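Read off the chains here:
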Amino acid sequence: MLNEKVDIEIRRYKLTVEMEGLTPIEINALAGLVGDKMKEIEKDSNIVDTYKLALLTALEFAGEVVRLKEQIDNQKRLEDRKMDEMIVALQNGVEPRS
């Protein structure tokens, strides 16, 4: 997929961005999520400084990424453990005959 330059707007700030592997529709959807998260943080914190809101928004999304990675890692460990248990059960159930 070729990278396209896409014009987006977040809180009246216009940017031209290029994101590898994403379509213009996906990039605009992400811009919408960022704008929505900034509004949410502004409402909850009463912070109106756009720079601070952007930093807090980045931290929120970074925290979400870390939590999702932890969930994926935990799920992978659980699946690996189950796979190991299945292998042991199969090995115990299918012993070679002498």
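Further up the page is the structure itself.
This one's a predicted model, so the numbers in the text were calculated from it and none came from an experiment.

Undergrad: In this structure, what is going on with the nonpolar core? I would like to understand it.
TA: A general tendency of soluble globular proteins is for nonpolar side chains to be buried together. The biggest cluster of nonpolar side chains holds eight residues, and these are Val6, Ile8, Ile10, Ile27, Ala31, Met38, Ile41 and Leu53. Elements with a contribution of two residues or more to this core: strand E1 (6-10) and helix H1 (24-45). Broken down by element, the residue count for this core peaks at four residues, all from H1. In this structure Met38 touches Ile10, Arg11, Thr50, Leu53, Ala54 and Thr57, once residues within four positions along its chain are discounted.

Undergrad: Any chance you could explain a nonpolar patch on the surface here in plain terms?
TA: Residues Met19, Leu30 and Leu33 make up a contiguous nonpolar surface patch of about 240 Å² in total accessible area. Along the chain, Met19 falls in the loop between strand E2 (13-17) and H1. A relative accessible area of 33% places Met19 in the partly exposed class.

Undergrad: It is not clear to me how the environment of Gly35 should be interpreted in this structure. Could you clarify?
TA: Within the secondary structure, Gly35 sits in helix H1. Considering only alpha carbons, one finds Gly35 and Arg11, 24 residues apart in sequence, at a separation of 6.2 Å.

Undergrad: Sorry if this is basic, but what is going on with the environment of Glu60 here?
TA: By secondary structure assignment, the location of Glu60 is in helix H2 (residues 50-93). Judged by relative accessible area, which is 39%, Glu60 ranks as partly exposed. Every residue in contact with Glu60, bar those within four places of it in the chain, is listed here: Lys37, Ile41 and Arg67.

Undergrad: So what exactly am I meant to see when it comes to the pattern of salt bridges here?
TA: Side chains that differ in sign of charge can pair as their charged atoms come close. Inspection of every chain in the model, using the stated rule, returns three salt bridges. Among the ionic pairs, Lys76 bridges to Asp80, the shortest N-O distance being 3.1 Å. Highlighted residues: Lys76 and Asp80, both in helix H2, separated by four residues, approximately one helical turn. Overall, the relative accessible area of 47% leaves Lys76 in the partly exposed class. Judged by its relative accessible area of 36%, Asp80 is partly exposed.

Undergrad: Teacher, can you tell me more about the pairing of E1 here?
TA: Of the two faces of E1, the one holding Val6, Ile8 and Ile10 is buried and the one holding Asp7 and Glu9 is not buried anywhere. Counted along the chain from E1 to the antiparallel partner E2, the turn is two residues long, and its residue Arg11 has a positive phi close to 50 degrees.

About the criteria used
- Residues numbered from 1 in each chain as written.
- Predicted model: local features only at pLDDT ≥ 70, side-chain atom pairs only at ≥ 80, totals over all residues.
- Heavy atoms only, no water.
- Core = buried A, V, L, I, M, F, W, Y, C linked by side-chain atoms within 4.5 Å.
- Buried < 20%, exposed > 50% of the residue type's maximum accessible area, 1.4 Å probe, protein only.
- Helix = DSSP H or I, 4+ residues; strand = E, 2+ residues; numbered from the N terminus.
- Contact = heavy atoms within 4.5 Å.
- Patch = residues over 30% accessible without salt bridge, like charges linked within 9 Å, V, L, I, M, F, W, Y side chains within 5 Å.
- Areas by Shrake-Rupley, 256 points an atom, 1.4 Å probe, with all protein chains shown as cover.
- Salt bridge = Lys/Arg side-chain N within 4 Å of Asp/Glu carboxyl O.
- Pairing = 2+ DSSP bridges.

Fair warning: the whole summary comes from geometry, so function is off the table for now.
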